[in-house]
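Chains, contacts and geometry: an overview
Each chain, written out:
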Amino acid sequence: MAEHDDVSITIDCSFGYESVIGEVTMEVHAGEFIAVTGANGSGKSTLISTIAGECEPREGIVRVVHGEHNVLVDPATPSAAGCVTRIAEPQFFPDLTIGEHIFLLSRKTGISEAELLARTQAWQLDELPNTFPSRLSSGQRQRAHLGMQLAVASPIIVLDEPERHVDSQWVKVLCQQLRQKAQSGSTIIVATHSPDVVTVADWELQL
C-alpha cells in the first residue's frame, strides 16, 4: 500500500493472459475520463480486466485507490473489494423482471428504489419494470445494464465497449452520463471503438 494525493490509479505493467499483449505506464487522477482505443486483439479488454483485478499483470504493478483509507492497493486483493466497478456484457437473472432486479439492487446497496429510478432516469428504465430480460432487445438489455451499474458504481469505473448493441441516441446518453460521472469526481476508463466516446474523454490511450 502507498499513500497518494489525487491519484486514483497507477499502472506500470505489461499485461496479457498467456503472453504479453502490451505495456502501459501511467497515472490516472480522480475525475479523469480516458478512452482506450485500438484494433481488435490489441488488448483493450485485457487491460480493463487487469485494472479491475480480474487478470494479474504479466510483470509490474497496478494499484487503485481505496477511498476510505486513502491508500493505493492491488485491485486483485481482498482489500480492494468494492474499489473498482467493471462494466462489460450485461448479465441478468433470467426469471426476474427488470423491476425485480432494481428491487434486489436496492436491497443490496441500501439505496431506495425511488432513488435508483431517479439515478437511472436518463436510461428510461421506468419503461421496462415488468419485462423479463429475454423479452428485451440487445439494446434494451444493454441500457438497462448500464443504467443500473452506473447508478451504484464505485468511484473508479472501467467499461469494456459499453456502446455495443446501442444506437446513436443511446451512445449520446452514455457519453453524457460518463462525462457527468467524471465531473462528479469518478475516474472513468473506457475501452471503446466509438468516436463519440473518444471525443468526450479527456484523453485517448491508443494500444
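Residues numbered from 1 in each chain as written. Predicted model: local features only at pLDDT ≥ 70, side-chain atom pairs only at ≥ 80, totals over all residues. Heavy atoms only, no water.

1. Regarding the sheet that holds strand S8 (residues 156-160)
Spatially, five strands are ordered S7-S8-S9-S4-S10 in an open sheet, and the strand pairing comes out parallel. The sheet terminates laterally at strand S7 (84-87) and strand S10 (203-206), the two strands that pair on one side only. Strand-to-strand, the axes of this sheet are offset by a mean angle of 20°, without reference to chain direction. Where strand S4 (residues 33-37) meets S10, four bridges bridge the pair, whose relative direction is parallel. Bridging across to S10, Ala35 finds its partner in Glu204. (Pairing = 2+ DSSP bridges. Helix = DSSP H or I, 4+ residues; strand = E, 2+ residues; numbered from the N terminus. Axes fitted to C-alpha atoms, helices over the stretch in contact; angles between N-to-C directions.)

2. So, the pattern of salt bridges
All chains considered together, the criterion is met by six salt bridges. A salt bridge links Arg119 to Glu115, with the nearest nitrogen and oxygen atoms 3.0 Å apart. Of this pair, Arg119 and Glu115 both sit in helix H3 (residues 113-119), four residues apart, which is roughly one turn of that helix. You can call Arg119 partly exposed: its relative accessible area is 37%. The partly exposed category is assigned to Glu115, whose relative accessible area is 34%. (Salt bridge = Lys/Arg side-chain N within 4 Å of Asp/Glu carboxyl O. Buried < 20%, exposed > 50% of the residue type's maximum accessible area, 1.4 Å probe, protein only.)

3. A short note on the pairing of strand S3 (residues 22-29)
The alternating pattern of S3 places Gly22, Val24, Met26 and Val28 on a buried face and Glu23, Thr25, Glu27 and His29 on a face that is not buried. Note that strand S2 (residues 7-15) and S3 share eight bridges and pair antiparallel. Residue Thr10 lies in a different strand from S3, and its bridge partner there is Glu27. Connecting S2 to the antiparallel partner S3 that follows it, the hairpin turn spans six residues, and Gly16 within it adopts a positive phi of roughly 160°.

4. Remarks on the environment of Asn40
Looking at where Asn40 falls in the secondary structure, it is placed in the loop between S4 and helix H1 (44-51). The class of Asn40 is exposed, set by a relative accessible area of 67%. Reaching out from Asn40, the side chain makes a polar contact with the side chain of His193 at a distance of 3.1 Å. (Polar contact = N/O pair within 3.5 Å; in protein donor to acceptor, adjacent residues only side chain to side chain.)

5. As for the environment of Ala76
Tracing the chain through its elements places Ala76 in the loop between strand S6 (71-73) and S7. In the structure, Ala76 is positioned 20 residues away from Glu56 in sequence and 7.3 Å away in space, judged by C-alpha atoms. With near-sequence residues (within four places) excluded, Ala76 lies in contact with Gly53 and Glu56. (Contact = heavy atoms within 4.5 Å.)

6. Focus on the layout of surface pockets
Taken as a whole, the largest pocket holds about 590 Å³ of empty space. Around the largest pocket, the lining is made up of 19 residues, and of these Gln91, Leu105, Lys108, His145 and Gln149 lie nearest the centre. Elements represented by at least two residues in the lining of the largest pocket include exactly S7, helix H2 (98-109) and helix H4 (138-151). In terms of residues, the lining of the largest pocket owes the most to one element, H2, which gives five residues. By volume, the second largest pocket amounts to about 230 Å³. Taken together, 16 residues line the second largest pocket, and the ones lying closest to its centre are Val65, His66, Gly67, Glu68 and Pro155. For the lining of the second largest pocket, the secondary structure elements donating two or more residues are S2 and strand S5 (59-66). (1 Å grid on protein atoms, 1.4 Å probe; cavity = no way out; pocket = protein on both sides within 12 Å on 5 of 7 lines; lining within 4 Å. Points joined across faces, edges and corners; volume = space filled by probe spheres on them.)

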